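# An overview of the molecular structure
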Amino acid sequence: MYSYTYDGSFEGLLTVVFEAYERNAWPTGIAQEQFAQPGIFGETIAVVTSEQKANRVWHGLRKKLSVTAQQALYHTYLWEQPGFEQLIFDYIRLAFAQEASIEGNYAAPCVLQVQQAARQVYREKHRMEAFVRFRKTADDLFYATISPDYNVLPLIVQHFEKRYADQRWAIYDTRRRYGAYYDLTATSLIELELPHQRHATLHAAALHGEEDKYRQLWQVYFDQVNIPERRNPKLHLRHIPRRYWKYLSEKQPRTAH
Amino acid sequence: MDSRITDKLTILADAAKYDVSCSSSGGKRKNENKGLGNAEGMGICHSYTEDGRCVSLLKILLTNYCIYDCAYCVTRRSNDVKRAAFTVQEVVDLTINFYRRNYIEGLFLSSGIFKNSDYTMERLVRVAKKLRQEHKFNGYIHLKTIPGASEELIKEAGLYADRLSVNIELPTERSLQQLAPEKNYAEILLPMDTIKQQVVQAMEEKKLFKSAPVFAPAGQSTQLIVGASAENDHQILQLSNQLYQDYNLKRVYYSGYVPVSSDSRMPIITAPPIIRENRIYQADWLMRFYGFSVQELVDEQQPNLEPDIDPKLAWALRNRFIFPVELNTADYELILRVPGIGVKSAQKIVSARRFAQLNFDHLRQMGVVLKRAKYFITCQTKSMLRQEFDSLQIRNKILFGDGAKPSALLRQQLDLFRQAG
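Bear in mind the structure is a predicted one, so any value in this text is a computation, not a measurement. (Residues numbered from 1 in each chain as written. Chains lettered and ligands numbered in written order. Predicted model: local features only at pLDDT ≥ 70, side-chain atom pairs only at ≥ 80, totals over all residues.)

### Points about the overall build of chain B
Test applied: Put simply, DSSP marks the helices as runs of H or I at least four residues long and the strands as runs of E at least two long, and each gets a number from the N terminus on. Here the radius of gyration uses the C-alpha set of atoms, whereas the globule reference equals 2.2 Å times the residue count to the power 0.38. Here the C-beta atoms are placed from the backbone, and a residue counts as buried if at least 20 other C-beta atoms lie within 10 Å of its own, exposed if 12 or fewer do, and partly exposed otherwise. C-beta atoms are first placed from the backbone for all residues, and any pair lying within 7 Å is then listed as a contact.
A count of helical and extended segments in chain B gives 16 helices and 12 strands. Computed over C-alpha atoms, the radius of gyration of chain B comes to 24 Å, within 12% of the 22 Å expected from 2.2 N^0.38 for 421 residues, which places it in the range of a compact globule. Its C-alpha atoms put chain B at 70 × 55 × 45 Å along the principal axes. Across the 421 residues of chain B, 46% fall into the buried class. Look at the contacts in chain B between residues 6 or more apart in sequence, and 69% of them connect residues 24 or more apart.

Here you go:
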């Protein structure tokens, strides 16, 4: 029985894979250092992240898998659901064990699960690209907060970079307490020491003079495009589940104007 | 807040909402000029209305003043509604400011016809031109081509727009004459043909010269109103099929007629035919992605789709001799035709069976709807059924058996009938 601990990074997790192969000791548990509970039985191996070892695993996988499959593994890491480390390990082990590529072997549980986890992450990424609502601040920054189910901020940066190349913007993940900031040339990941708030709202005074006008016009538009004769609340909720409403200006109470 | 612009938006968004097209996909416009927006790849639905439709574009009319008097249309000349008109600059400002806040993918601009077709079309083109040239806007632009507009204007529109559309609205010339006397089929089909020619030509030139200008890279679409005139589903689907083939349309949209009109030329209905519209969309999908032909779905003997089961299930029940399909060996095209198996599951099945013989557990995990599919498949020659059923029995089991969920829509519509009755 070997349980491994690592620092929570993707490189750290790949280093665990490397160590497990080197020691020929398959993990019975993989956990982040700060959450690991020492077991009574077996050995606990604290793995120190090594970029070099991680790279060897990743390059080794490249010979076995397509870019899409490697991407799916990274998405599974961002998925962050219980057991994701073991799932990634099982997948990599199967990939190395087989002569041919294991992609498409949906009859193997770990292949199907990685595909499904990656799909969930991808959908959350897509939702964030859709549901982010920027508010323009007095100093012309476009600011939005998110708290996605999965850690998709690293995945959505590119989308917004391409789209908003000519405006400064920032997106802050209030749950994981870090954000992305684009300054017209490049995007950097930033950590802010904000008080822990689920709805980190901006002060009215910090907003641009026109912000309220366009927010209200958008609400007017949203109300008008509805066709009451076709009301279908079930379908509506399937498309935008309630947990996403907090982002959406059109779902906020109307202020008198 | 500026109440004038609010009033205009209220009137001109309301008047545009019966156009159901919402797609913002298929564009290839990349942000290469460090400008605003990017319309490559797939579109995004930024919100959904309470009736469950996607909100992807700022969909408005430039004006709802109109010289035409089409019976089905809310902005027809004889209808007593408030009228308004945006200026070109107002539309540009709204689009840019909505886009910057990530509310929308772009603009869908249509218009009532004021003065004449060319005068109106010229203004629509000017909005698009201004967005592209003065604001370096690379978001999605969908322009409606006004029936009767000149070829030159349509050609210019295609240089700035990602998609153009001409709405046919009524499925036969006869209905058009009755309900929209100022329009005729020739006037609608001519611009469609111009657009098609231009798209093809631009693509040919693109092959030779990389810098050749693109023309409406997301192609063209149209809309048919369902339930405003007497045509049956067979006539509607045949027309769509013909449009897909003859004019390379990307999409035909179907809009269940919402009773917006008390015009005496219109049928009296209490609720839009939502189920019928839904079945027609399903049939449209089967034609485009599942390899079905119109004749397999509806024909002269059975000119309408069945309202209570989807057209794929209906087809399977009429063609029992083809089933059961052995999933470990059958062709992909045949697997696609099994009720309860969609494109994604069919692809997974074909992929996974190269590694292992599949069983029903595998299928369940892949997302196959076995409660439907089980009547039509075998796995390693085994069936999930303990006895044989005839078509009627299967139909009843799927509709009313264990775990059957009568469609919420169906229930809603039946309730409406009851209230109306």
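Following the structure, the description resumes.
### Here's the deal with the overall build of chain A
Along its length, chain A carries eight helices and eight strands. For the C-alpha atoms alone, the extent of chain A along its principal axes is close to 70 × 45 × 40 Å. For chain A, buried positions account for 34% of its 257 residues. At a minimum sequence separation of 6, the contacts of chain A that also span at least 24 residues come to 68%.

### Here we look at the sheet that holds strand β5 (residues 141–146) of chain A
All names here are of chain A. Put simply, the test is: Two strands qualify as a pair provided DSSP detects at least 2 bridges between them.
In space, the five strands of this open sheet follow the order β4-β5-β6-β7-β8, with mixed pairing throughout. For this open sheet the edge positions go to β4 (135–136) and β8 (187–190), each flanked by a neighbour on one side alone. Of the pairings in the sheet, the one linking strand β6 (residues 168–173) to strand β7 (residues 178–182) comprises five bridges and is antiparallel in character. What sits directly across from A170, in β7, is Y181.

### Comments concerning the environment of A31(A)
Residue and element names in this part refer to chain A. Among the secondary structure elements, A31 is positioned in strand β2 (residues 27–32). Sequence separation between A31 and Y150 is 119 residues, and the spatial gap between their C-alpha atoms is 18 Å. Once residues within four sequence positions are removed from consideration, A31 is found in contact with T5 and A36.

### Focus on the environment of K59(B)
Inspection of the secondary structure assignment puts K59(B) in strand β5 (residues 57–61). Residue K59(B) is classed as buried on the basis of its C-beta count, with 23 C-beta atoms lying within 10 Å. Residues K59(B) and E205(B) lie 146 residues apart in sequence; the distance between their C-alpha atoms is 32 Å. The contacts of K59(B), once residues within four sequence positions are left out, are V225(A), A16(B), K17(B), D19(B) and F108(B).

### Considerations on the interface of chain B and chain A
As a reminder, the rule being used: Classification convention: Asp, Glu, Lys, Arg as charged; Ala, Val, Leu, Ile, Met, Phe, Trp, Tyr, Cys, Pro as nonpolar; all other residues, Gly among them, as polar.
Taken together, the contacts link 48 residues of chain B with 41 residues of chain A. Counting only elements with at least two residues in the side of chain B that touches chain A, the list comes to α1 (3–14), β3 (47–48), β5, α2 (88–100), α12 (343–352) and α13 (360–366) of chain B. Per-element accounting of the side of chain B that touches chain A gives the leading share, five residues, to α1(B). Considering only residue class, the side of chain B that touches chain A consists of 22 nonpolar, 15 polar and 11 charged.

### Let's talk about the packing of helix α1 (residues 10–23) of chain A against helix α2 (residues 51–64) of chain A
Residues and elements named next belong to chain A. Note the threshold: Lines fitted to the C-alpha atoms define the axes, with helices restricted to the stretch that makes contact. Angles between their N-to-C directions range from 0 to 180 degrees. With respect to orientation, any angle under 35 degrees is reported as roughly parallel, any angle over 145 as roughly antiparallel, any angle of 65 to 115 as roughly perpendicular, and every other angle as oblique.
Packing of α1 against α2 brings their axes to within 8 Å, and their N-to-C directions diverge by 75°. Looking at the two axes, α1 sits roughly perpendicular to α2. In this structure, α1 contributes E11, L14, T15, V17 and F18 to the contact, and α2 contributes E51, K53, A54, R56, V57 and W58. Of the residues in the contact of α1 with α2, the class split is six nonpolar, one polar and four charged.

### Overview of the sheet that holds strand β8 (residues 163–165) of chain B
Residue and element names in this part refer to chain B. Taken in spatial order, the six strands of this open sheet run β5-β6-β7-β8-β9-β10, and their pairing is parallel. Across the chains shown, the open sheet's two edge strands, defined by having one partner strand only, are β5 and β10 (251–256). Looking at each pair of strands side by side, their axes are set apart by 20° on average, direction ignored. Alignment of β5 against strand β6 (residues 106–110), held across five bridges, turns out to be parallel. Counterpart to L61 in the pairing with β6 is S110.

### Concerning unusual backbone geometry
Residues and elements named next belong to chain B. P324 follows F323 through a cis peptide bond whose omega is 0°. For N102, which is not glycine, the phi dihedral falls at a positive 65°. Structurally, N102 is set in the loop between α2 and β6. Classification of N102 as buried rests on a count of 23 C-beta atoms within 10 Å. Not every positive phi belongs to a glycine, and N248 is a case in point at roughly 50°. Looking at where N248 falls in the secondary structure, it is placed in the loop between α7 (233–247) and β10. By the C-beta count within 10 Å, which is 14 here, N248 ends up partly exposed.

### Section: the pairing of β8(A)
Put simply, side chains in a regular strand alternate between the two faces of the sheet. Residues and elements named next belong to chain A. Alignment of β7 against β8, held across four bridges, turns out to be antiparallel. Counted as the bridge partner of Y181 is S188 from β8. What sits between the antiparallel neighbours β7 and β8 is a turn of four residues, in which L184 has the positive phi angle 85°.

### Side note on helix α4 (residues 84–97) of chain A
Residue and element names in this part refer to chain A. This is how it is decided: Take the residue count of a helix, subtract one, and multiply by 1.5 Å to get its expected span.
In this model α4 runs 20 Å from its N-terminal to its C-terminal C-alpha over 14 residues, within 8% of the 20 Å that 1.5 Å per residue would give. E85, L87, I88, F89, Y91, I92 and A95 are the residues of α4 that are buried. Buried residues along α4 sit against α1, β2, α2, α3 (67–79) and α5 (109–131).

### With respect to helix α6 (residues 185–208) of chain B
Residues that lie three or four places apart on an α-helix share one face, since the helix turns once every 3.6 residues. Residues and elements named next belong to chain B. Taking 1.5 Å of rise per residue, 24 residues should cover 34 Å, and α6 covers 35 Å from first to last C-alpha, within 8% of that figure. Where α6 is concerned, the buried positions are I188, P191, M192, T194, I195, Q198 and V199. For α6, the secondary structure elements touched by its buried residues are α4 (151–160), β8, β9 (220–226) and α7.

### As for the domain arrangement of chain A
Residues and elements named next belong to chain A. Short version of the rule: Delimitation of the domains relies on an automatic or database domain assignment.
By domain assignment, chain A separates into domain 1 (2–124) and domain 2 (132–251). Each of domain 1 and domain 2 has a C-alpha centre, and the two are 32 Å apart. The partner domain 2 presents six residues to the six residues of domain 1 that form the contact. Secondary-structure elements contributing two or more residues to the side of domain 1 that touches domain 2 are α3 and α5.

### Points about the packing of α3(A) against α5(A)
Residue and element names in this part refer to chain A. In plain terms, the rule: By definition, turning the near helix anticlockwise from the far helix through less than a right angle yields a left-handed crossing, and turning it clockwise yields a right-handed one.
Interaxial distance between α3 and α5 falls to 8 Å at its minimum, and their mutual angle equals 70°. Here α5 runs roughly perpendicular to α3, going by the angle between their axes. Between α3 and α5 lies a crossing of left-handed hand. In this structure, α3 uses A72, L73, H75, T76, L78 and W79 to contact α5, whose residues at the interface are V114, Q115, A117, A118, Q120, V121 and Y122. Among the residues forming the contact of α3 with α5, the class breakdown is nine nonpolar, four polar and no charged.

### Things to note about the domain arrangement of chain B
Under the domain assignment used here, chain B contains domain 1 (3–297) and domain 2 (320–420). The centre of domain 1 of chain B, based on its C-alpha atoms, is set 36 Å off from the matching centre of domain 2 of chain B.

### Some details on the confidence of the model for chain B
Residues and elements named next belong to chain B. Note the threshold: Here pLDDT means the predictor's own confidence in every residue, given as a number from 0 to 100.
A residue-level look at chain B finds 95% of positions with pLDDT of 70 or above and a mean pLDDT of 90. Per-element confidence in chain B is highest for α2, whose mean pLDDT is 97, and lowest for helix α16 (residues 408–420), whose mean pLDDT is 58. At the level of chain-chain contacts, confidence expressed as ipTM amounts to 0.91, with global pTM at 0.88.

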